[in-house]
Amino acid sequence: MKFFKTLGTKPWLHDGDVGAVAVDYSGPHIDAASRIALRFILVVVSVIFFLFIITFLARSQYPDFEALSGAPWQPFTDPSRLWINTALLALASAAMQLGVSGARQGKLNMTVTGISSAVCFTVLFIVAQLDLWMHLQSMGFYINSNPANSYFYMLTAIHGLHIMGGLIVLTNVVFRVWYDNSPESLGAPLQLCTTYWHFLLGVWLVLFALLTSRPETINALAAMCGF
Amino acid sequence: MQNVAIADQTVELHDPQTFITKYVWSQDHKVIAIQYSLTAIFVGLVALVLSGLMRLQLGFPDTFDFITPSSYLQFVTMHGMIMVVYLLTALLLGGFGNYMIPLMIGARDMVFPFMNMLSFWVYLLSVIVLMASFFVPGGPTGAGWTLYPPQAILEGTPGSDWGIILMLVSLAIFIVAFTMGGLNYVTTVIQARTHGMTMMRMPLTIWGIFTATILGLLAFPALLVSAIMMLFDKILGTSFFMPALVSLGENLDYSGGSPVLFQHLFWFFGHPEVYIVALPAFGMVSDVLATHARKNIFGYRMMVWAIVGIGGLSFVVWAHHMYVSGMHPAFGFFFATTTLIIAVPTAIKVYNWVLTLYRGNIQLTVPMLFAIGFIFTFTHGGLTGLFLGNVTIDLPLSDTYFVVAHFHMVMGVSPVMVLFAAVYHWYPLFTGRMFNEKLGKAHFWLTFLGAYAVYLPMHYIGLLGVPRRYFAMGTTDFIPESAFTLNASITVSALIVGLSQLIFLYNLFWSLRYGKPAGHNPWGATSLEWQTPDVPPHHGNWGKELPVVYRWAYDYGVPGVEQDFIPQNHPVTDAEHTAGEPEGSKA
Amino acid sequence: MNLVISLVLLVVGSLLFHWLSPWQLTPLASNWGAIDTTIDITLVITGVVFVAVNLFMAYAIFRYRFNSARKSHYEPENKKLEVWLTAITAVGVIGMLAPGLVVWADFVDPPDDAHEVEIVGAQWQWHYRLPGDDGVLGEVDARYIGPDNPFGMSPNDDAGLDDVLITSNELHLPIDKPVKALLRSKDVLHDFAVPQFRVKMDLVPGTVTYVWFTPTRTGKFDILCMELCGIAHYTMRGYVVVDTDEDFDDWLGQQQTWQDIQSEGPGDLVAGKAAYGVCSACHGQQGEGNFALNAPALAGLPAWYTSRELNYYKAGIRGAHEKDTYGKQMAPMANTLVDDAAVRDVAAYLESLPTVNLESTIAGDASKGASHYVTCGACHGAQAQGRYALQAPRLAGQSDWYLKRQLKSFRLGIRGAHKQDAYGHQMVLMARSLQNEQSIDDLLAYVNTL
């Protein structure tokens with residue numbers, strides 16, 4: 001609502017709230033700016049996945065769509081493998097959080113432990129996802145044999161790419177701090193990376209829920225969206 | 001010049017030392033802006049030549065041996081895609097956005113200069129990938145700029161092997177570049193405004209660019225998603241958009257996909273894209289008009305609301321491009337209504353531009369000529385949009401030359417008129433020199449009158465029912481012979497307009513060397529970019545101290561003050577206070 | 001001053017152009033007069049705004065031209081004026097939108113008594129299907145589409161047996177009867193558009209769309225594809241012929257049903273050989289052709305092509321143009337084949353003959369020809385092998401002098417100009433992209449290498 005109030009001001013008047021000197025100036029502080037930028041990144045990525053999901057729901061209403069769960073021969077009727085992968089990503093997220101608290105409290109050991117185990121768990125998650133692809137292939141669930149399969153491969157691939165992008169940024173942050181020998185400046189950027197990790201965990205949970213849904217659930221969701 | 005010392009820096013500015021860091025790997029927003037602009041102008045010229053070739057074929061069919069039905073479609077596609085995405089989006093946001101945002105809001109640079117630099121180089125990569133498609137076997141894609149599946153990836157379309165893949169990959173790369181740039185623009189506007197620069201004191205240029213960037217950040221993902229899914233269909237054989245079909249006699253392995261789903265995604269991007277181009281143009285033209293009419297922009301608040309409102313509405317009108325696409329016809333009611341609602345804020349903008357001229361003190365400089373030319377062409381193009389947006393009238397007119405004429409008027413000629421106005425207006429700032437006025441005026445008259453001679457008659461060819469994207473019309477029962485003569489005359493006008501752009505390019509480079517030195521603020525403008533200590537502004541823009549802003553960007557002709565303009569960084573004086581507020585503003 | 005004058009002149013000029021222009025909507029031939037009315041309403045409203053805004057602007061530019069002794073009027077906003085302008089605009093918008101929505105409500109709701117016709121689009125042809133006596137269109141599916149079943153008729157649905165299948169590009173409709181056209185595409189997006197009917201709709205593969213109209217005027221109207229569908233998009237033409245009821249029934253009686261088509265046996269080779277005796281005088285014992293007699297090679301030509309062309313000769317669709325010297329020789333010869341069966345027999349016999357190797361008679365630059373051939377290959381195939389689905393004959397192995405003469409004839413409209421020669425018409429448009437003799441020679445030199 002503040003935005004609407006701002007839009008209502010009359011900038012040509014020199015009296016009242018809009019004084020001669022700034023009211024909302026906070027300076028181009030890099031951490032604050034990075035937080036805003038991250039928020040926009042999260043919005044953009046959310047839009048991407050949102051649109052994928054919308055197309056998924058639309059596509060699911062065509063007769064050739066066979067959900068990956070719900071029947072005994074479907075791979076995710078028993079989603080235990082996915083739970084393992086989820087656990088890996090959750091551990092990575094938690095480790096990132098540990099790293100942040102370490103950096104905040106100035107405990108270098110804790111930070112290093114947090115970041116390195118986060119990287120390990122994240123890489124393990126990607127490997128586990130790749131292994132899952134192999135497993136599906138060996139069971140005959142190829143990418144082009146059904147749109148549900150196509151979506152599974154595509155969405156996990158896009159999600160994985162975002163994780164790898166995160167790893168690149170994280171590496172960059174860590175090396176810059178190491179290079180400058182300024183561990184105290186790690187807190188803020190690491191916090192941003194952690195937020196990104198949590199966000200991707202959230203995205204993964206949504207994808208997980210969607211991709212392992214039974215046909216009835218998918219149809220109900222699609223009906224809610226008007227397809 | 002009122003400046004106060006502010007400890008504003010948490011990021012140090014490293015002044016570049018070598019030629020490479022200064023002009024190639026530069027992190028200075030002004031250099032990046034010029035890099036963006038030159039690249040965009042280069043691809044734009046390629047697209048201009050393509051349009052010339054298309055016009056030759058349309059005006060004089062059965063004459064040119066080197067234009068074949070396949071290459072014609074390739075020209076159409078590349079012309080459209082380059083002009084909309086790689087020229088207009090890149091030039092307006094990457095070029096003008098980059099240059100203007102920090103200067104107009106009183107910042108030293110973008111908040112993430114490195115990412116800004118990266119944005120340009122990734123954009124350049126996308127352009128190179130796009131241009132590469134001219135040299136691969138089969139040539140660039142000829143699927144039309146909308147790239148509708150199934151035909152975009154099937155054999156009966158030119159460039160369906162490599163061309164379409166390169167196009168989609170190039171678009172994906174472009175979107176990455178745009179996102180990096182866009183994050184910078186919005187963050188800078190939100191976070192790096194100087195003392196006193198409240199949101200409502202920003203010039204409309206910044207409002208236009210800011211809103212357009214947000215639209216871009218939200219809309220380009222839809223293009224990315226559709227590009228990825230189409231790449232999967234093409235390369236991996238999935239069936240997202242591909243139904244069971246028989247292509248050129250062969251039963252293909254696709255089944256069940258929905259071509260209309262692609263169209264929804266494409267236009268969910270495609271319609272906001274229109275405003276991604278239009279809103280910065282709206283903003284810039286407002287500033288040019290106010291400066292050269294020596295009058296405050298009329299109804300500033302309404303103008304801001306209109307920009308924000310148009311931006312918001314642009315996400316709920318996309319299917320007006322799809323009235324005859326075979327989607328559920330009931331959608332027509334909703335989308336026709338939203339589309340015509342958007343006409344209201346747009347009309348208000350036109351009224352306010354004209355009312356800015358009314359009771360002004362109008363200097364008919366070259367930028368002003370182009371700005372007024374814009375009002376004329378935009379009014380015309382906007383009004384024909386009311387035909388096409390109204391679902392019933394779209395039935396006879398969609399996919400005819402009426403559509404081509406409409407969107408070229410509103411999205412081609414109009415933004416380009418603003419771009420010329422903006423280049424002439426800010427040329428003294430970019431280079432420190434004035435352009436040659438005689439050449440500028442010649443350029444205006446040829447472009448303005450020529451463009452109208454191209455597009456006004458084209459509407460009538462569309463009324464006749466001549467379809468777009470036809471290599472040749474051949475013989476029909478309903479098209480009179482005179483329509484072919486009209487087409488030839490359109491081609492002649494188009495070639496004249498195309499060639500007259502050489503005057504502009506010549507002027508651009510001639511004045512760089514021989515133009516009169518411009519000095520500070522040659523137009524007597526109020527906004528902040530003209531108040532820099534150096535012209536053109538140096539790295540860091542503001543010398544030692546950032547400017548402080550005391551007023552909005554439109555204090556022209558303020559009562560009680562001798563000078564007819566007061567720059568934004570001049571404190572409020574007693575004289576103007578006692579002069580009292582004008583009537584109406586208290587309401 | 002120049003600017004003021006030219007703005008006024010542009011406004012006046014635009015109005016004059018509009019009133020004097022001979023280029024307007026084509027005369028209406030359907031029930032959709034309401035669409036034209038909506039256009040007129042919109043034209044008036046937008047025209048008034050166009051004139052008012054621009055003349056006011058011209059006045060303002062003239063009246064408030066620069067004067068260094070004067071200052072502009074300081075007025076940040078004028079709420080009352082802006083509210084008024086908004087309100088007036090809103091009224092104008094409603095004035096345009098309301099009639100539009102009313103007509104659209106009519107458009108989305110076909111009348112119950114509308115009779116159904118299916119319009120099938122494929123690259124780059126129009127075909128049609130009428131429901132036959134039972135009034136029901138049989139089931140179809142893309143899976144069933146093949147050389148013997150171009151419509152993809154389901155073998156499991158008997159309702160399809162009496163469907164009338166029309167593989168010509170000409171559709172007949174009775175006057176004053178509402179039609180609900182069901183639109184189906186076999187491959188990519190197309191768009192069924194008849195300018196005189198005003199309405200149009202895309203054909204989307206994988207689904208069936210519809211459009212409805214009532215023809216109100218007899219005559220022959222062009223069908224144009226209005227959604228880009230590939231290289232030969234601009235040649236995808238057809239005709240709607242609006243008939244009186246009697247004419248329509250006559251026409252319908254001459255069409256074949258799916259059952260008729262299925263019951264046609266293959267051609268009889270023995271009978272075909274006998275009938276070919278007459279032809280062999282010119283075309284040679286083995287169908288190898290004869291340059292001196294201007295008779296092209298026929299051996300190995302696909303039967304569908306030979307029979308199509310023979311039927312065209314017989315019906316005066318080919319070989320009737322006054323400048324078509326050799327075609328005029330051929331037409332009476334084709335008439336010696338008395339019925340459809342005889343045509344099929346000869347065609348089947350010719351297909352059974354082994355292709356002969358012919359010497360090339362044309363010198364050209366094959367590498368230049370290759371770039372021209374890109375367009376041709378879309379239909380005739382990358383190896384010039386011909387494609388049944390596109391009704392494009394094999395070019396490889398055909399006498400190059402014959403191909404050259406045909407290309408020239410197409411260019412000049414000596415062949416292919418007849419309205420019922422759908423594929424010939426496509427070739428007329430295509431051949432015109434070859435501008436000179438050299439290009440034709442280059443092209444054929446390339447075809448000779450295939």
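Residues numbered from 1 in each chain as written. Chains lettered and ligands numbered in written order. Predicted model: local features only at pLDDT ≥ 70, side-chain atom pairs only at ≥ 80, totals over all residues. Heavy atoms only, no water.

Colleague: Would you explain the overall build of chain B in this entry?
Modeller: Counting secondary structure elements, chain B contains 15 helices and two strands. For chain B, whose C-alpha radius of gyration is 24 Å, the value lies close to the compact-globule estimate of 25 Å for 587 residues. For chain B, the C-alpha atoms occupy an extent of roughly 80 × 50 × 50 Å along the three principal directions. The long-range share in chain B, meaning contacts at least 24 apart out of those at least 6 apart in sequence, stands at 79%. As displayed, chain B has an accessible area near 16,900 Å², and 68% of this comes from carbon and sulfur atoms. (Helix = DSSP H or I, 4+ residues; strand = E, 2+ residues; numbered from the N terminus. Rg over C-alpha atoms; globule rule 2.2 N^0.38 Å. Contact = heavy atoms within 4.5 Å. Areas by Shrake-Rupley, 256 points an atom, 1.4 Å probe, with all protein chains shown as cover.)

Colleague: Would you explain the confidence of the model for chain A in this entry?
Modeller: Do not read the fine detail of predicted coordinates wherever pLDDT is low. Residues and elements named next belong to chain A. Of the residues in chain A, 93% have a pLDDT of 70 or more, and the chain-wide mean is 88. At the low end of the mean pLDDT range in chain A sits helix α1 (residues 2–8), at 83; at the high end sits helix α6 (residues 187–211), at 94. Low pLDDT, under 50, characterises residues 16–27; the stretch is placed with 25 contacts to residues that sit more than four places away or in other chains. (pLDDT = per-residue confidence, 0-100.)

Colleague: Is there a simple way to think about unusual backbone geometry in this case?
Modeller: Leaving glycine out, the prevailing phi sign among residues is negative, and the prevailing peptide bond configuration is trans. Residues and elements named next belong to chain B. Look at the link from Pro149 to Pro150: it is a cis peptide, with omega at 0 degrees. Secondary-structure assignment places Pro150 in the loop between α4 (113–132) and α5 (163–191). Cis geometry is found at the peptide bond from Val535 to Pro536, where omega equals -10 degrees. Residue placement: Pro536 occurs in the loop between α14 (481–514) and α15 (574–579). Even without being glycine, Leu248 reaches a positive phi, approximately 50 degrees. With respect to the helices and strands, the residue Leu248 is situated in the loop between β1 (246–247) and β2 (250–251). Leu248 sits in the buried class, given a relative accessible area of 7%. (Buried < 20%, exposed > 50% of the residue type's maximum accessible area, 1.4 Å probe, protein only.)

Colleague: Even after reading the chapter, I still don't get helix α12 (residues 401–431) of chain B, so can you show me in this structure?
Modeller: An α-helix turns once every 3.6 residues. As a result, residues three or four positions apart point the same way. Of all the bends in α12 of chain B, the greatest, near 45 degrees, is centred on His425 of chain B, and the proline Pro428 of chain B appears no more than four residues after it. The element α12 of chain B is extensively covered by neighbouring structure, given that 26 of its 31 residues are classed as buried. (Bend = angle between axes of the 7 residues up to and from the residue.)

Colleague: Would you take a moment to explain the packing of helix α4 (residues 108–138) of chain A against α6 of chain A for this structure?
Modeller: For any two helices packed against each other, one specifies the crossing angle of their axes together with the interaxial distance. All names here are of chain A. Interhelical geometry of α4 versus α6 gives an angle of 30 degrees and a closest axis separation of 13 Å. Here α4 lies roughly parallel to α6, going by the angle between them. Taken as a pair, α4 and α6 cross one another with a handedness that is left-handed. Contacts from Thr111, Ile115, Thr122, Phe125 and Gln129 in α4 reach Leu190, Trp197 and Trp204 in α6. Here the contact of α4 with α6 is composed, by residue class, of five nonpolar, three polar and no charged. (Axes fitted to C-alpha atoms, helices over the stretch in contact; angles between N-to-C directions. Parallel < 35°, antiparallel > 145°, perpendicular 65-115°, else oblique. Left-handed = near helix turned anticlockwise from the far one by under 90°. Nonpolar A, V, L, I, M, F, W, Y, C, P; charged D, E, K, R; others polar.)

Colleague: How should the packing of aromatic side chains be read in this particular structure?
Modeller: Describing an aromatic ring pair means giving the distance of the ring centres and the angle of the ring planes. Applying the stated criterion across every chain, the model contains 86 aromatic pairs over all chains. Where Phe374 of chain B meets Phe378 of chain B, the ring centres are 5.4 Å apart and the plane angle is 20 degrees; that geometry is what we call stacked. Of the two residues, Phe374 of chain B and Phe378 of chain B are both situated in helix α10 (residues 366–389); the distance of four residues between them amounts to about one turn of the helix. In this structure, Phe374 of chain B and Phe378 of chain B share a single accessibility class: buried. Relative to Tyr305 of chain C, the ring of Trp304 of chain C has its centre 6.0 Å away and its plane inclined at 80 degrees; by these criteria the two rings are edge-to-face. Taking the ring centre of Phe62 of chain C as reference, the NZ or CZ of Arg65 of chain C above it sits at 4.6 Å. Above the plane of the ring of Tyr210 of chain C lies Lys180 of chain C, whose end atom (NZ or CZ) is 4.8 Å from the centre. (Phe/Tyr/Trp six-rings, centres within 6.5 Å; stacked < 30°, edge-to-face > 60°. Lys NZ or Arg CZ within 6 Å of the ring centre and 35° of its normal.)

Colleague: Is there a simple way to explain the side chain of Arg394 of chain C in this structure?
Modeller: Residue and element names in this part refer to chain C. Residue position: Arg394 is located in the loop between α10 (366–380) and α11 (400–412). No salt bridge is formed by the buried Arg394. Its closest oppositely charged neighbour is Glu351, at 8.7 Å. Reaching out from Arg394, the side chain makes a polar contact with the backbone oxygen of Ala299 at a distance of 3.5 Å. A distance of 3.2 Å separates the side chain of Arg394 from the backbone oxygen of Gly300, its partner in a polar contact. Apart from the residues lying within four places of it in its own chain, the contact partners of Arg394 are Ala299, Gly300, Leu301, Thr355, Ala384, Gln385 and Gly386. (Lys, Arg positive; Asp, Glu negative; His and termini not counted. Salt bridge = Lys/Arg side-chain N within 4 Å of Asp/Glu carboxyl O. Polar contact = N/O pair within 3.5 Å; in protein donor to acceptor, adjacent residues only side chain to side chain.)

Colleague: What is the right way to look at the sheet that holds strand β7 (residues 200–203) of chain C in this model?
Modeller: Across a sheet, paired strands are connected by hydrogen bonds in the backbone, their directions being either parallel or antiparallel. All names here are of chain C. The five strands are arranged β4-β10-β9-β6-β7 in an open sheet whose pairing can be described as mixed. The two strands at the open ends of the sheet, each matched to only one other strand, are β4 (170–174) and β7. Here the strands of the sheet are splayed against their neighbours by 25 degrees on average, with no regard to which way each runs. Sitting on the sheet, helix α4 (residues 245–253) touches β4 and β10 (237–243), and the angle it makes with β4 is about 140 degrees. (Pairing = 2+ DSSP bridges.)

Colleague: For this particular structure, what's the right way to read the packing of helix α7 (residues 259–293) of chain B against α10 of chain B?
Modeller: Residue and element names in this part refer to chain B. Where α7 contacts α10, the axes come no closer than 9 Å and their chain directions differ by 130 degrees. In terms of orientation, α7 lies oblique with respect to α10. Handedness of the α7/α10 crossing: left-handed. On α10, the residues touching Phe282, Val285, Val288, Leu289, His292 and Ala293 of α7 are Pro367, Met368, Ala371, Phe374, Ile375 and Phe378. Taken together, the residues of the contact of α7 with α10 sort by class into eleven nonpolar, one polar and no charged.

Colleague: Looking at this structure, how should I read empty space enclosed by the protein?
Modeller: Residues and elements named next belong to chain B. By the definition in use, this model includes 13 cavities of 30 Å³ or more. Looking at the largest cavity, its volume works out to about 130 Å³. Lining the largest cavity are 15 residues, with Leu58, Val466, Met473, Phe484 and Asn487 positioned closest to its centre. Those elements giving two or more residues to the lining of the largest cavity turn out to be α2 (29–59) and α14. If one sorts the elements of the lining of the largest cavity by residue count, α14 sits on top with three residues. Tallied by class, residues from the lining of the largest cavity come to 13 nonpolar, two polar and no charged. (1 Å grid on protein atoms, 1.4 Å probe; cavity = no way out; pocket = protein on both sides within 12 Å on 5 of 7 lines; lining within 4 Å. Points joined across faces, edges and corners; volume = space filled by probe spheres on them.)

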